[in-house]
Amino acid sequence: MKNVLVIGATGQIGSELTMKLRKTYPNGDIVAGYITGAEPKGELLESGPAEIVDITNPAQIAAAVEKYNIDTIYNLAAVLSAVAEAKPQLAWHIGVGGLYNTLEVAREKKCAVFTPSSIGSFGPGTPKVNTPQDTIQRPTTIYGVTKVTGELLSDYYAKRFGVDTRSVRFPGLISYVTPPGGGTTDYAVDIYYSAVKGEKFYCPLKPGTFMDMMYMPDALRAAIEIMEADPSKLIHRNSFNIASMSFDPEMIAAKIKEHVPGFEMEYKLDPLRQSIADSWPDSLDDTCAREEWGWRPQYDLEAMTIDMLDHLKSK
Ligand code: AKB
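Rules and cut-offs
- Residues numbered from 1 in each chain as written.
- Predicted model: local features only at pLDDT ≥ 70, side-chain atom pairs only at ≥ 80, totals over all residues.
- Heavy atoms only, no water.
- Near = heavy atom within 4 Å.
- Polar contact = N/O pair within 3.5 Å; in protein donor to acceptor, adjacent residues only side chain to side chain.
- Nonpolar A, V, L, I, M, F, W, Y, C, P; charged D, E, K, R; others polar.
- Salt bridge = Lys/Arg side-chain N within 4 Å of Asp/Glu carboxyl O.
- Helix = DSSP H or I, 4+ residues; strand = E, 2+ residues; numbered from the N terminus.
- Buried < 20%, exposed > 50% of the residue type's maximum accessible area, 1.4 Å probe, protein only.
- Phe/Tyr/Trp six-rings, centres within 6.5 Å; stacked < 30°, edge-to-face > 60°.
- Pairing = 2+ DSSP bridges.
- Contact = heavy atoms within 4.5 Å.
- Axes fitted to C-alpha atoms, helices over the stretch in contact; angles between N-to-C directions.
- Core = buried A, V, L, I, M, F, W, Y, C linked by side-chain atoms within 4.5 Å.

A.B. asks: How do you make sense of the site of the ligand when you look at a structure like this?
C.D. replies: Taken together, Leu-80, Ser-81, Ser-118, Ile-119, Tyr-143, Gly-183, Thr-184, Thr-185 and Trp-280 are the residues near the ligand. With respect to the ligand, the side chain of Tyr-143 contributes an N or O atom lying 2.6 Å from an oxygen atom. Taking Thr-185, its side chain carries an N or O atom lying 2.9 Å from a nitrogen atom of the ligand. A per-class count over the shell around the ligand returns four nonpolar, five polar and no charged.

A.B. asks: Would you take a moment to explain the pattern of salt bridges for this structure?
C.D. replies: For side chains bearing opposite charge, pairing can occur when the charged atoms are close. Inspection of every chain in the model, using the stated rule, returns 16 salt bridges. In this structure, the salt-bridge partner of Arg-107 is Glu-104, at a minimum N-O distance of 2.8 Å. Here Glu-104 and Arg-107 lie together in helix α5 (residues 88-109), a separation of three residues that amounts to about one turn. When its relative accessible area of 30% is taken as the criterion, Arg-107 is described as partly exposed. The class of Glu-104 is buried, set by a relative accessible area of 18%. Across the salt bridge formed by Lys-233 and Asp-230, the nearest N and O atoms sit 3.5 Å from each other. With a relative accessible area of 36%, Asp-230 lands in the partly exposed category.

A.B. asks: How should I be thinking about the packing of aromatic side chains in this particular structure?
C.D. replies: Think of a pair of aromatic rings as described by two things: how far the centres are apart, and how the planes are tilted against each other in angle. What the rule picks out here adds up to eight aromatic pairs. When the centroid spacing of 6.1 Å and the interplanar angle of 90 degrees are considered together, the rings of Tyr-156 and Phe-161 count as edge-to-face. Judged by relative accessible area, which is 43%, Tyr-156 ranks as partly exposed. Here Phe-161 falls in the partly exposed class, since its relative accessible area comes to 34%.

A.B. asks: Can you walk me through the sheet that holds strand β5 (residues 112-114) in this structure?
C.D. replies: In any sheet, the strands associate via hydrogen bonds between backbone groups, in a parallel or an antiparallel arrangement. Spatial strand order, β3-β2-β1-β4-β5-β7: six strands in an open sheet with parallel pairing. Each edge of the open sheet is held by one strand with a lone partner, namely β3 (50-52) and β7 (165-166). Pairing geometry for strand β1 (residues 4-7) and strand β2 (residues 30-34), over four bridges, is parallel. Looking across to β2, one finds that Ile-7 is bridged to Gly-33. Docked against the sheet, helix α3 (residues 58-67) engages β1, β3 and β4 (72-75), running at close to 155 degrees with respect to β1. Here helix α8 (residues 216-228) sits on the sheet and contacts β4, β5 and β7; the angle it forms with β5, its principal contact strand, is near 150 degrees.

A.B. asks: Just checking my understanding: could you explain the nonpolar core for this structure?
C.D. replies: Inside soluble globular proteins, nonpolar side chains tend to come together where they are buried. Ranked by size, the top nonpolar core spans 57 residues in total, and within it Leu-5, Ile-174, Tyr-187, Tyr-192, Phe-247, Ile-252 and Met-304 carry the most contacts. Residues contacting Phe-247, with those up to four places away along its chain left out, are Ile-174, Tyr-187, Ala-188, Thr-209, Phe-210, Met-211, Met-213, Ile-252, Leu-301 and Met-304. Among the nonpolar cores identified, the runner-up in size contains 33 residues, and Val-4, Leu-21, Trp-293 and Trp-295 belong to it.

See below:
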């Protein structure tokens, strides 16, 4: 990996991944692809090149790939699960149409492509606990439908055209840098902001709603390590289960209370988010990622909570 295009570089994952890629590959061009209205700012803008790359516009993707002699594309454009239910056509247009545009450019220009899948690619028929790598994927959300389609399309381009597509199924991602927008797992980010501001947190999900979650530094490392993995060891491609922690609202609230004793949480259910969360697994089995490319998480709930609270307090 030398010259990288990050599509969606100003989003929740992109803003941090672009910076990490720039530090990891200081001799390459790491291009921040953004859309009008979501321009890069500060360090992200100043530390490397940036181009307007709307994933629904194949000419813009191709122009950036050509201009910077790109060899790897990180496709991070997505409409998250809860917003996707309100805008299913847009979710498909970006999630599947955008991926198709990216894969076609990658086929012509011989780029590798990373497109994250999600725990949302599973559905109510999937085994809920320790969800295996290869299992039933019949999601009931449009977000999940786009993710399963993305996994299949990416595998197809690898098999049919030799495009080096690889990816992971991200759990809910937790970070103190760029807030997420419109996801089902977002409560696990918002809760830290409320705790640090000294506000009561109103939880949109009910007790006992378990989902896999991951601290952003682990997620960024996974995204780079899978693209650096020895291809001869990979049995799977799109997409690998990865996991680091699974908790419900009670557990994260109790952990925060250990560090912020006055913290309070009340339940104020959001039926849409609850129904989405109920259709997703409680925890994934990531044995294949561990065996095929050495995946190991570094943060558990305790380590993440300490780091999140420290950073948000100084923010
Ligand atoms: C969402 O909640 O939509 C995302 C995801 C789990 O993919 N964070």
